[in-house]
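Each chain is listed here by its residues.
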Amino acid sequence: MEVKDVVETGEEHEQELYSQRSKLLRFRDGEWKERGTGEAKLLKHKDTGKIRFLLRQEKTMKIVANFVVEQAPYCQLMPNAGSAKCWVWSCLDRAD
């Protein structure tokens, strides 16, 4: 078996526009469920210019969110009512 010196993450051809430690929750079946905590990133592909939102769990590095950021109505990011720290992200979820 061959051991690699460098592991590719898929982010090599992207520019990091924004990064912040965040907790991701999903509203499902009438309640909020935690998906994970880690670095939330907005990444811009150097060739296509497409922007995506990526969040990996801190400990396992498992991807818990990977969405292409598009125009409404397919994707909407807005402040949560009553909180300056919380944002609401609405998009089509294809995780399950």
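All residue numbers refer to position in the chain's written sequence, counted from 1. Selection of residues for local features in this predicted model requires a pLDDT of at least 70, selection of side-chain atom pairs for listing and counting requires 80 or more, and totals for whole chains, interfaces and linings are taken over all residues. Hydrogens and water molecules were not included; the side-chain quantities draw on all heavy atoms of the structure.

### Digging into the nonpolar core
General note: in soluble globular proteins, nonpolar side chains tend to be found buried as a group. We define a nonpolar core as any set of buried Ala, Val, Leu, Ile, Met, Phe, Trp, Tyr and Cys residues linked to one another through side-chain atoms lying within 4.5 Å. Residue exposure (1.4 Å probe, protein chains only): buried if accessible area is under 20% of the type maximum, exposed if over 50%, otherwise partly exposed. Residues Leu24, Ala40, Phe53, Leu55, Val64, Ala65 and Phe67 constitute the largest nonpolar core, which totals seven residues. For this core, the elements supplying multiple residues, two or more each, are strand E3 (51–56) and strand E4 (63–68). Secondary structure counts use DSSP, requiring at least four H or I residues in a row for a helix and at least two E residues in a row for a strand, with both numbered from the N terminus. With three residues, E4 is the largest single contributor of residues to this core. Should any heavy atoms of two residues lie within 4.5 Å, those residues are considered in contact. Residues within four places of alanine 65 in sequence aside, it is in contact with Leu24, Phe53, Leu54 and Leu55.

### Looking at the sheet that holds strand E1 (residues 14–28)
The four strands are arranged E1-E2-E3-E4 in an open sheet whose pairing can be described as antiparallel. With one partner strand each, in any of the chains shown, E1 and E4 form the two edges of the open sheet. Taken over all neighbouring pairs, the strand axes of this sheet differ in orientation by 25 degrees on average, direction set aside. When DSSP finds two or more bridges between a pair of strands, those strands are recorded as paired. Strand direction decides the pairing type here: strand E2 (residues 31–45) and E3, joined by five bridges, are antiparallel. Among the inter-strand pairings, leucine 42 is bridged to a residue of E3, identified as phenylalanine 53. Only the contacting stretch of a helix is used when fitting its axis, a line to C-alpha atoms as for every element, and angles between N-to-C directions run 0 to 180 degrees.

### Digging into the pairing of E1
Looking down a regular strand, the side chains alternate between one sheet face and the other. As judged from the 14 bridges shared by E1 and E2, these two strands associate in the antiparallel manner. By the bridge assignment for E2, leucine 25 is matched with glutamate 34. Counting the residues in the hairpin turn of E1 and E2 gives two residues, including aspartate 29, whose phi is positive at 55 degrees.

### Here we look at a nonpolar patch on the surface
Distance thresholds for patches are 9 Å for like charges and 5 Å for nonpolar side chains (Val, Leu, Ile, Met, Phe, Trp, Tyr), applied to residues having over 30% relative accessible area and no salt bridge. Where accessible areas are quoted, they stem from the Shrake-Rupley method and a 1.4 Å probe; at the residue level, only the protein chains shown are allowed to cover. Salt bridge, as used here: a side-chain nitrogen of Lys or Arg that lies within 4 Å of a carboxyl oxygen of Asp or Glu. A cluster of nonpolar side chains, Leu25, Phe27 and Trp32, forms an exposed patch at the surface whose accessible area comes to about 360 Å². Within the secondary structure, tryptophan 32 is located in strand E2. Residue classification places tryptophan 32 among the exposed positions, given a relative accessible area of 55%.

### Here's the deal with the confidence of the model for the protein
In this model, the protein carries an average pLDDT of 84, and 91% of its residues clear a pLDDT of 70 or more. Looking across the protein, the model is least confident in strand E6 (residues 87–91), with a mean pLDDT of 75, and most confident in E2, with 91. The predictor attaches a confidence to each residue, and that confidence, scored 0 to 100, is pLDDT.

### Section: unusual backbone geometry
With a phi angle near 55 degrees, aspartate 29 is a residue other than glycine that sits in the positive phi range. By the secondary structure assignment, aspartate 29 is in the loop between E1 and E2. Residue aspartate 29 is classed as exposed on the basis of its relative accessible area, which comes to 66%. Despite not being glycine, methionine 61 shows a phi value in the positive range, around 65 degrees. With respect to the helices and strands, the residue methionine 61 is situated in the loop between E3 and E4. Of the residues examined, methionine 61 reaches a relative accessible area of 49% and is grouped as partly exposed.

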